[in-house]
There are 2 protein chains.
Amino acid sequence: MKITRACDYALKVLVYIASENNKNKIFMRNELSKLCDIPDSFLGKILQALARENILVSERGKKGGFKLQKKPEDISFYDVIKAVEGDITINDCLVDKNFCNSSYGCRIQSILEKVRQNLISDLKKYSLEDIIS
Amino acid sequence: MKITRACDYALKVLVYIASENNKNKIFMRNELSKLCDIPDSFLGKILQALARENILVSERGKKGGFKLQKKPEDISFYDVIKAVEGDITINDCLVDKNFCNSSYGCRIQSILEKVRQNLISDLKKYSLEDIIS
DNA sequence: ATGCTTTAAGACTATTTTAGTCTTAAAAAG
DNA sequence: CTTTTTAAGACTAAAATAGTCTTAAAGCAT
Ligand code: SF4
Ligand code: SF4
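The following refers to the structure shown. Please read all numbers here as calculations on a predicted model, not as lab measurements. (Residues numbered from 1 in each chain as written. Chains lettered and ligands numbered in written order. Predicted model: local features only at pLDDT ≥ 70, side-chain atom pairs only at ≥ 80, totals over all residues. Heavy atoms only, no water.)

Another aspect to go through is the overall build of chain A. The number of helices and strands found in chain A is six helices and two strands. Its helices and strands in sequence order give chain A the pattern α-α-α-β-β-α-α-α, from N to C terminus. In terms of principal-axis extent, the alpha carbons of chain A reach across some 55 × 30 × 20 Å. A buried classification covers 46% of the 133 residues belonging to chain A. When the accessible area of chain A is evaluated, it comes to approximately 7000 Å², of which 48% is carbon and sulfur surface. The distance from the centre of the 22 positive side-chain charges to the centre of the 18 negative ones in chain A is 3 Å. (Helix = DSSP H or I, 4+ residues; strand = E, 2+ residues; numbered from the N terminus. Buried < 20%, exposed > 50% of the residue type's maximum accessible area, 1.4 Å probe, protein only. Areas by Shrake-Rupley, 256 points an atom, 1.4 Å probe, with all protein chains shown as cover. Lys, Arg positive; Asp, Glu negative; His and termini not counted. Charge placed at Lys NZ, Arg CZ, Asp CG, Glu CD.)

Encoded structure:
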């Protein structure tokens, strides 16, 4: 029951960008890597994922880099986790009904589904804004 | 963000034992393995862990096996997960303050700690009794 | 006492996931 | 057209998960 390192890095780097967000400044990967103490190439993958999921805008070439695509209050912890490691599953059967043959009518499954929904809605409650304000 | 197979197996086997709990019947590992469709040796490890954590009673020798040590309503999902895979961490820094050097005063950490506490208290709400009743 | 049956413990192995690197391509700016 | 920056994806290393196997110890039954 853990988030991955990549997720933690993503939160860290997004908080950094959000907190320095004076007039749409754009940050290079290299710069973010040093400031947030995240391995450069690994950060590359993470920033790419965040850009694909419309959390960051990326631009190439000279003067390129990354900036937020939305307001900090519109980027929740759930959005970040989902972008980086995919949806929260809790147990495979919750997301793949063919995973287990006792799946139909399983009451363990229905309780785990409740736990999952609560966790997701809890993670949606917190945004980058809550951190930087 | 997943529970392990071992945890799911543990829930499954405990629910089975709890539901068949006519007058303190004792179940052999072998029997449970077949009935719950869990690899026999792997189930051994799981049952051992549950016995160590005072969820099951184990007895050796002929007429040996496993039975519940508490009433089904006193065995929560949290108890089972904790017994089998250890405590829920969400992020390493929540459980090891030396893990990250930005740990002191980190606001990501304090939010993740809230999420963790909510998840734990949610998992404590549900017991084996909720499944078998 | 001594087999027989059952769990305990832990070393061992295989598979999958996580964490991270590296190389090549493509876009943008000057 | 060269430099700088990200994109994409193959690749690798390390760790965790999932599971097996072997040896020991405990309890019952004769
Ligand atoms: S036993 Fe129930 S909870 Fe476990 S995998 Fe099967 S359907 Fe899901
Ligand atoms: S950055 Fe904050 S949340 Fe992330 S590991 Fe460090 S202390 Fe924990």
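Next, the rest of the story.
Turning to the interface of chain B and chain A, a few remarks are in order. Contacts between the two partners involve 33 residues from chain B and, on the opposite side, 33 residues from chain A. Roughly 3300 Å² of surface becomes buried between chain B and chain A when both sides are summed, with 61% attributable to carbon and sulfur atoms. The salt bridge involving Asp92 of chain B is made with Lys2 of chain A; its shortest N-O contact spans 2.8 Å. Viewed at the interface, chain A and chain B are joined by 18 residue pairs in polar contact (both at pLDDT 80 or more). Counting only elements with at least two residues in the side of chain B that touches chain A, the list comes to helix H1 (5-19), helix H4 (77-85), helix H5 (107-125) and helix H6 (128-132) of chain B. Within the side of chain B that touches chain A, the residues separate by chemical class into 18 nonpolar, five polar and ten charged. (Contact = heavy atoms within 4.5 Å. Buried area = accessible area lost by both parts, 1.4 Å probe. Salt bridge = Lys/Arg side-chain N within 4 Å of Asp/Glu carboxyl O. Polar contact = N/O pair within 3.5 Å; in protein donor to acceptor, adjacent residues only side chain to side chain. Nonpolar A, V, L, I, M, F, W, Y, C, P; charged D, E, K, R; others polar.)

It is worth spelling out the protein's contact with DNA strand C at this point. If you check the shell around DNA strand C, you find 23 residues, and the closest are Thr4, Arg5 and Phe42 of chain A together with Arg29 and Ser58 of chain B. Restricting the count to atoms of DNA strand C within 4 Å of the protein gives a sugar and phosphate share of 70%. One nitrogen or oxygen atom from the main chain of Arg29 of chain B is found 2.8 Å from a phosphate oxygen belonging to DNA strand C. Gln48 of chain B is positioned with one of its side-chain polar atoms (N or O) 3.3 Å from a base nitrogen of DNA strand C. Among the elements of the structure, helix H1 (5-19) and helix H3 (40-52) of chain A together with helix H3 (40-52), strand E1 (56-59) and strand E2 (65-68) of chain B are those that each provide at least two residues to the surface near DNA strand C. Looking at the surface near DNA strand C residue by residue, the class counts come to six nonpolar, seven polar and ten charged. (Near = heavy atom within 4 Å.)

This part takes up the relation of the copies chain B and chain A. At an RMSD of 0.0 Å, chain B and chain A line up after a rotation of 180° and a shift of 0.0 Å along the axis. Classification of the inter-copy transformation places it as that of a two-fold axis. Taking C-alpha positions as the reference, the residue of chain B nearest the rotation axis is Met1 of chain B, at 2.3 Å. Here 100% of the contact residues of chain B are again contact residues in chain A; the copies associate through an equivalent surface. (Least-squares fit on C-alpha atoms with pLDDT ≥ 70 in both.)

Surveying the vicinity of DNA strand D reveals 23 residues, the closest of which are Met28, Arg29 and Ser58 of chain A together with Thr4 and Arg5 of chain B. Here the atoms of DNA strand D within 4 Å of the protein split so that 68% fall in sugar or phosphate, with bases taking the remainder. Separating a phosphate oxygen of DNA strand D from a backbone N or O atom of Arg29 of chain A is a distance of 2.8 Å. Arg60 of chain B places a side-chain nitrogen or oxygen 3.2 Å from a base nitrogen of DNA strand D.

We now examine the site of ligand 1. Neighbouring ligand 1 are Asn91, Cys93, Cys100, Ser102, Ser103, Cys106, Ile108 and Gln109 of chain A together with Asp8 and Lys12 of chain B. Looking at what sits near ligand 1, you find residues from chains A and B. Elements represented by at least two residues in the shell around ligand 1 include exactly helix H5 (107-125) of chain A together with H1 of chain B. Grouping the amino acids of the shell around ligand 1 by side-chain chemistry returns four nonpolar, four polar and two charged.

Bringing the site of ligand 2 into the picture now. Inspection of the region around ligand 2 gives Asp8 and Lys12 of chain A together with Asn91, Cys93, Cys100, Ser102, Ser103, Cys106, Ile108 and Gln109 of chain B as its neighbouring residues. Mapping the residues near ligand 2 onto chains gives chains A and B. For the shell around ligand 2, a count of residues per class yields four nonpolar, four polar and two charged.

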